[in-house]
Amino acid sequence: RKEVEQDPGPFNVPEGATVAFNCTYSNSASQSFFWYRQDCRKEPKLLMSVYSSGNEDGRFTAQLNRASQYISLLIRDSKLSDSATYLCVPNNAGNMLTFGGGTRLMVKP
Amino acid sequence: DVKVTQSSRYLVKRTGEKVFLECVQDMDHENMFWYRQDPGLGLRLIYFSYDVKMKEKGDIPEGYSVSREKKERFSLILESASTNQTSMYLCASSLEGAQGHYGYTFGSGTRLTVV
């Protein structure tokens with residue numbers, strides 16, 4: 001089983017829609033997580049850190065389900081500028097960050 | 001904000017050339033990393049370093065070496081460039097606490113083409 005698994009998408013949604021995508025992880029010891037956003041041909045940028053059951057930042061909500069070992073990212077009121085690839089990253093103390101392959105989101109007018 | 005600067009945005013090199021990719025960070029981070037990113041393969045770790053003069057192999061170190069003579073600078077070296085090393089190269093740095101990393105900050109990347 002891969003350490004991090006994400007649906008590559010693309011998720012095509014209209015502006016204003018709510019969209020959610022999941023990420024499953026294999027290491028049950030993972031204590032915290034990151035969501036990164038990567039625009040086409042640009043570097044990944046940290047979107048959100050998740051240190052407990054979840055985190056909310058404006059239109060973005062991350063929820064962690066430790067029992068099922070998945071973390072989700074919910075985007076409300078999607079904007080055209082949200083179009084990007086979203087990378088899920090478990091944070092295991094003392095180990096390297098392992099990046100998921102990412103989920104591509106395309107928000108259409 | 002942490003800034004990670006990669007020396008070149010685009011590079012074109014010939015097969016067999018020795019190539020140096022430079023990365024500098026300005027926030028006194030202990031950890032620095034080199035990744036390459038290819039379509040459909042995601043981010044793959046080449047080498048990383050936890051301290052000056054210290055280096056560790058990542059998942060795909062073959063054909064590469066690194067140098068970290070100063071804390072702020074981490075260089076990736078392609079000893080003899082080959083066409084299969086055409087890729088986007090990303091440098092990152094991080095601070096690490098007891099609960100793990102405080103996230104990576106990436107440079108803007110170097111798109112290397114080997115012809």
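Higher on the page you've got the structure.
Residues numbered from 1 in each chain as written. Chains lettered and ligands numbered in written order. Predicted model: local features only at pLDDT ≥ 70, side-chain atom pairs only at ≥ 80, totals over all residues. Heavy atoms only, no water.

K.L.:
Summarise the overall build of chain B; cite the residues concerned and give the values.
P.N.:
Of the regular secondary structure elements, chain B holds zero helices and 12 strands. Walking chain B from its N terminus toward its C terminus, one meets helices and strands in the order β-β-β-β-β-β-β-β-β-β-β-β. Its C-alpha atoms give chain B a radius of gyration of 13 Å, near enough to 13 Å, the size a compact globule of 115 residues would have. In terms of its C-alpha atoms, chain B occupies a principal-axis envelope of roughly 45 × 30 × 25 Å. The buried share of chain B, reckoned over its 115 residues, is 48%. Pairs at least 24 apart in sequence give 55% of the contacts found in chain B among residues at least 6 apart. Surface accessibility of chain B: about 5600 Å² in total, with carbon and sulfur atoms responsible for 49%. (Helix = DSSP H or I, 4+ residues; strand = E, 2+ residues; numbered from the N terminus. Rg over C-alpha atoms; globule rule 2.2 N^0.38 Å. Buried < 20%, exposed > 50% of the residue type's maximum accessible area, 1.4 Å probe, protein only. Contact = heavy atoms within 4.5 Å. Areas by Shrake-Rupley, 256 points an atom, 1.4 Å probe, with all protein chains shown as cover.)

K.L.:
Residues and numbers for the interface of chain A and chain B, please.
P.N.:
With 18 residues of chain A at the contact, the number on the chain B side is 22 residues. Regarding the contact of chain A and chain B, the summed buried area is about 1600 Å², with carbon and sulfur atoms giving 55% of it. When the buried surface of chain A facing chain B is broken down by residue, A:Arg41, A:Met96 and A:Phe99 rank first, second and third, together holding 34% of it. Counting the contacts that link chain A with chain B gives four residue pairs in polar contact (both at pLDDT 80 or more). (Buried area = accessible area lost by both parts, 1.4 Å probe. Polar contact = N/O pair within 3.5 Å; in protein donor to acceptor, adjacent residues only side chain to side chain.)

K.L.:
Summarise the pairing of strand β8 (residues 64–70) of chain B; cite the residues concerned and give the values.
P.N.:
Residues and elements named next belong to chain B. In the sheet, β8 pairs with strand β9 (residues 73–78) via five bridges, with the strands oriented antiparallel. When the bridges of β9 are listed, Ser 65 appears paired with Ile 77. Connecting β8 to the antiparallel partner β9 that follows it, the hairpin turn spans two residues. (Pairing = 2+ DSSP bridges.)

That's the geometry; what it means functionally is another story.
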